[in-house]
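# Fold and contact review
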Amino acid sequence: MSDISTDHLRGMARDLLADLSGETSTAAFRGEQFDRGLACVHFPTGRGGLGLKPDAQAVVDEELANGGRQYHNLAVNPIGIGMGMPTVLAHGTDEMKDRLLRPCFTGEEIWCQLFSEPGAGSDVAGLATRAVLDGEEWIVNGQKVWTTLAHVARWGMLLARTDPSQPKHKGMTYFMLDMEASGVEVRPLYQITGEAEFNEVFMTDVRIPDSMRISARGEGWGGAITTLMNERVALGGGVPARGSGNIGFLMNEWMNHAPEAGTADHHVARDRVARLWIRAELLRLTNLRARESASAGVPGPEGSVGKLLSAELNKEILECAVDVQGSRGMVHAHGYPMLRPEQAGVSGSFETSRMFLRTRANSIEGGTSEIMRNILGERVLGLPKEPQVDRDVPWSDIPRN
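Residues numbered from 1 in each chain as written. Predicted model: local features only at pLDDT ≥ 70, side-chain atom pairs only at ≥ 80, totals over all residues. Heavy atoms only, no water.

## What to know about the overall build of the protein
The cut-off we apply is this: Only DSSP runs of H or I reaching four residues or more are called helices, and only runs of E reaching two or more are called strands; each is numbered from the N terminus. Computation of the radius of gyration draws on C-alpha atoms alone. For the globule rule, the value is 2.2 Å times the number of residues to the power 0.38. Residue burial is assigned from relative accessible area. The probe radius is 1.4 Å, only protein chains are included, and a residue is buried under 20% of its type maximum, exposed over 50%, and partly exposed in between. Note on definitions: a residue-residue contact is assigned when non-hydrogen atoms from the two residues lie within 4.5 Å. Each accessible area value is a Shrake-Rupley result obtained with a 1.4 Å probe; residue values ignore everything except the protein chains displayed when judging cover.
Counting its regular elements, the protein contains twelve helices and seven strands. The globule rule puts the C-alpha radius of gyration for 401 residues at 21 Å, and the 22 Å found for the protein is close to it. For the protein, the spread of C-alpha atoms along the three principal axes comes to 75 × 55 × 45 Å. Residues classed as buried in the protein amount to 48% of the 401 residues present. Taking the contacts inside the protein whose residues are at least 6 apart along the sequence as the reference set, 73% of them involve residues at least 24 apart. Total accessible area computed for the protein in this model is approximately 19100 Å², and 51% of it derives from carbon and sulfur atoms.

## Observations concerning helix α5 (residues 78–91)
Here is the rule we go by: Any helix carries an expected span of 1.5 Å times its number of residues minus one. Given a residue, its bend is the angle between the two axes fitted to the seven residues that end at it and to the seven that start from it.
In a regular helix each residue adds 1.5 Å, so 14 residues correspond to 20 Å; α5 covers 19 Å between its end C-alpha atoms and thus fits that length. Along α5, the sharpest kink reaches roughly 45 degrees, centred on Gly84 and followed within four residues by the proline Pro86. For α5, a buried count of twelve out of 14 residues is recorded, marking the element as mostly surrounded by other parts of the structure. Those residues of α5 not exposed but buried are Pro78, Ile79, Gly80, Ile81, Gly82, Met83, Gly84, Met85, Pro86, Thr87, Val88 and Leu89.

## Focus: the pattern of salt bridges
The test is simple: Salt bridge criterion: a side-chain nitrogen from Lys or Arg within 4 Å of a carboxyl oxygen from Asp or Glu.
Taken as a whole, this structure holds 29 salt bridges when the rule is applied. With its nearest N and O atoms 3.0 Å apart, the salt bridge here joins Asp390 to Lys168. Here Asp390 is found in the segment after α12 (369–380), whereas its partner Lys168 is found in the loop between β4 (155–161) and β5 (172–178), with 222 residues between them in sequence. Measuring nitrogen to oxygen at the nearest pair gives 3.0 Å for the salt bridge that ties Glu365 to Arg358. Residue Glu365 is classed as partly exposed on the basis of its relative accessible area, which comes to 21%.

## Focus: the environment of Leu357
Within the element layout of this structure, Leu357 appears in helix α11 (residues 352–359). You can call Leu357 buried: its relative accessible area is 13%. Once the C-alpha coordinates of Leu357 and Ala120 are considered, the two residues, 237 residues apart in sequence, prove to be 25 Å apart. Among all residues touching Leu357, those that are not within four sequence positions of it are Ile192, Thr193, His332 and Tyr336.

## A closer look at the environment of Glu137
Just so we agree on the cut-off: Polar contact is defined as a pair of N or O atoms within 3.5 Å, subject to the rule that within protein one atom must be able to donate a hydrogen and the other to accept it, and that residues adjacent in sequence are counted only when both atoms are side-chain atoms.
Topologically, Glu137 is positioned in strand β3 (residues 137–144). Using a relative accessible area of 29% as the deciding quantity, one classes Glu137 as partly exposed. Along the backbone, Glu137 and Asp210 are 73 residues apart, and their C-alpha atoms lie at a distance of 5.2 Å. Once residues lying within four places of it in the same chain are set aside, the contact partners of Glu137 are Val132, Arg207, Ile208, Pro209 and Asp210. Of the polar contacts made by the side chain of Glu137, one reaches the side chain of Arg207; its length is 2.9 Å.

## A look at the pairing of β5
Rules: Two strands form a pair only when DSSP identifies at least two bridges running between them.
With respect to burial, β5 is a largely interior element, six of its seven residues being buried. Relative to β5, β4 runs antiparallel, the two being bridged by seven bridges. By the bridge assignment, Trp155 is partnered in β5 with Asp178.

## Focus on the packing of aromatic side chains
Here the distance between the centres and the angle between the planes together describe a pair of aromatic rings. Note the threshold: Stacked, tilted and edge-to-face are the three classes assigned to paired rings of Phe, Tyr and Trp, where Trp is represented by its six-membered ring and a pair needs centres within 6.5 Å; plane angles under 30 degrees give stacked, over 60 edge-to-face, the rest tilted. Placement of a positive charge over a ring is assigned whenever Lys NZ or Arg CZ falls within 6 Å of the ring centre and within 35 degrees of the normal to the ring plane.
Using the criterion set out here, one finds four aromatic pairs in the structure. Its guanidinium or amino end placed over the ring of Phe105, Arg30 lies 3.9 Å from that ring's centre, counting from NZ or CZ. The ring of Phe202 carries the charged tip of Arg187 above its face, separated from the ring centre by 4.1 Å.

## Structural notes on a nonpolar patch on the surface
The cut-off we apply is this: Two distance rules govern patches: like charges are joined within 9 Å, and nonpolar side chains (Val, Leu, Ile, Met, Phe, Trp, Tyr) within 5 Å, applied only to residues with over 30% relative accessible area and no salt bridge.
Taken together, Tyr190, Tyr336 and Met338 make up a surface patch of nonpolar side chains, about 340 Å² in accessible area. Structurally, the position occupied by Tyr336 is in the loop between α10 (303–324) and α11.

## Re the environment of Pro167
Relative to the assigned elements, Pro167 resides in the loop between β4 and β5. Take Pro167: its relative accessible area is 13%, and that puts it in the buried class. Pro167 sits 226 residues away from Val393 along the chain, and the two C-alpha atoms are 5.1 Å apart. Contacts of Pro167, omitting those with residues within four sequence positions, involve Arg161, Arg391, Asp392, Val393, Pro394 and Trp395.

## Describing the packing of helix α2 (residues 26–35) against helix α6 (residues 94–106)
Going by this rule: What counts as an axis is a line fitted to C-alpha atoms, over the stretch in contact for a helix, and the angles between N-to-C directions run from 0 to 180 degrees. In this scheme, roughly parallel covers angles under 35 degrees and roughly antiparallel covers those over 145, while 65 to 115 is roughly perpendicular and the rest are oblique. By definition, turning the near helix anticlockwise from the far helix through less than a right angle yields a left-handed crossing, and turning it clockwise yields a right-handed one. All residues other than Ala, Val, Leu, Ile, Met, Phe, Trp, Tyr, Cys, Pro, Asp, Glu, Lys and Arg, Gly among them, are scored as polar; the first ten of these are nonpolar and the last four charged.
Where α2 contacts α6, the axes come no closer than 8 Å and their chain directions differ by 135 degrees. The pairing of α2 with α6 is recorded here as oblique in orientation. At the point where α2 passes α6, the crossing takes the right-handed sense. Facing Ala27, Arg30, Gly31, Glu32, Gln33, Phe34 and Asp35 of α2, the residues of α6 in contact are Leu101, Arg102, Phe105 and Thr106. Split by residue class, the contact of α2 with α6 holds four nonpolar, three polar and four charged.

## Describing the packing of helix α1 (residues 6–19) against helix α3 (residues 57–66)
Helix packing for two helices is described by the angle between their axes and how far apart those axes are. Following both chains from N to C, one finds α1 and α3 inclined at 35 degrees, their axes separated by 9 Å at the closest point. Crossing angle aside, the handedness with which α1 passes α3 is right-handed. In this structure, α1 contributes Thr6, Leu9, Arg10, Ala13, Arg14, Leu16 and Leu17 to the contact, and α3 contributes Val59, Val60, Glu62, Glu63 and Leu64. Partitioned by chemical class, the residues of the contact of α1 with α3 number seven nonpolar, one polar and four charged.

Encoded structure:
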């Protein structure tokens, strides 16, 4: 670990702000931030970091926010920064790191995650997309589903089956797929909000150079675990300012639409809002403690705690916001625009009904709440695993629909 002090780190962030004051674009600013090691301070020097502990990033982010340069990584490049960069850092070659990390952080090249399939959603290891080696290239055929931002992505983190004779966890390989390659087709999947953040991706005889293979042949599951663990931390492990985010939105709705003081409805709703505020603060403090105790490397299964709790809490908070509005909460003024947004989640206007509809996905995306409970039960609490009769059976011998 580097011995850079907190004061020195603050000074580095302030120097960055001073040197790039004015109308510097987001990409240019974040590129310089990467070059100075202030992008992900726990990454190695020369790879966007300084070799510090992960919690030191909060010092940099605080200074940049104070200087008017506040960026949320989940808005800039949610899949790439939160899940892809740690995977490439842990498993990729030096050439991959040189080529991929910086434009990923700047947001100049958006990434997507090509794991889930129509017949293998929560059971990622059951996937059927095939990759066959042809000289120095792999030929890929298959279909992926629920692929966030695939329609604007340059790179896809692809998990494909390369050896059907092996058990399902041992016959996969991890690749970086150029989404602009011949044979890649992206089709929208419209959500209940009337927007299509998600997509289906079809691959027909797509060629991937072997140099873009992240894992060793047949060892893609290790890379997939790195991605999935970081995904849960990225989606559920954030530490927002006290009273901000969805709970802050609810508090604003309460101030504007609270039932008349002194009524029974007012007392019941007030208690409900107060309980949700307390739970949101408990989750924030839990994530803060987890971040401060973390060390650089692959997150553990504890990341599923934040993912599970934030998903369920977000739904309850927005349900309460709709109820606080009373009869107005039944109106969905935003409409169903049938758009393909360039950001994941709620962006632009923040109507209560739209946010309510969008949070329905929180308990599905990034791993369902049921899967999170399984992970916590088995890997944190040490409870017995669920029966898996196909775990050691060759994938080619497993019955499928």
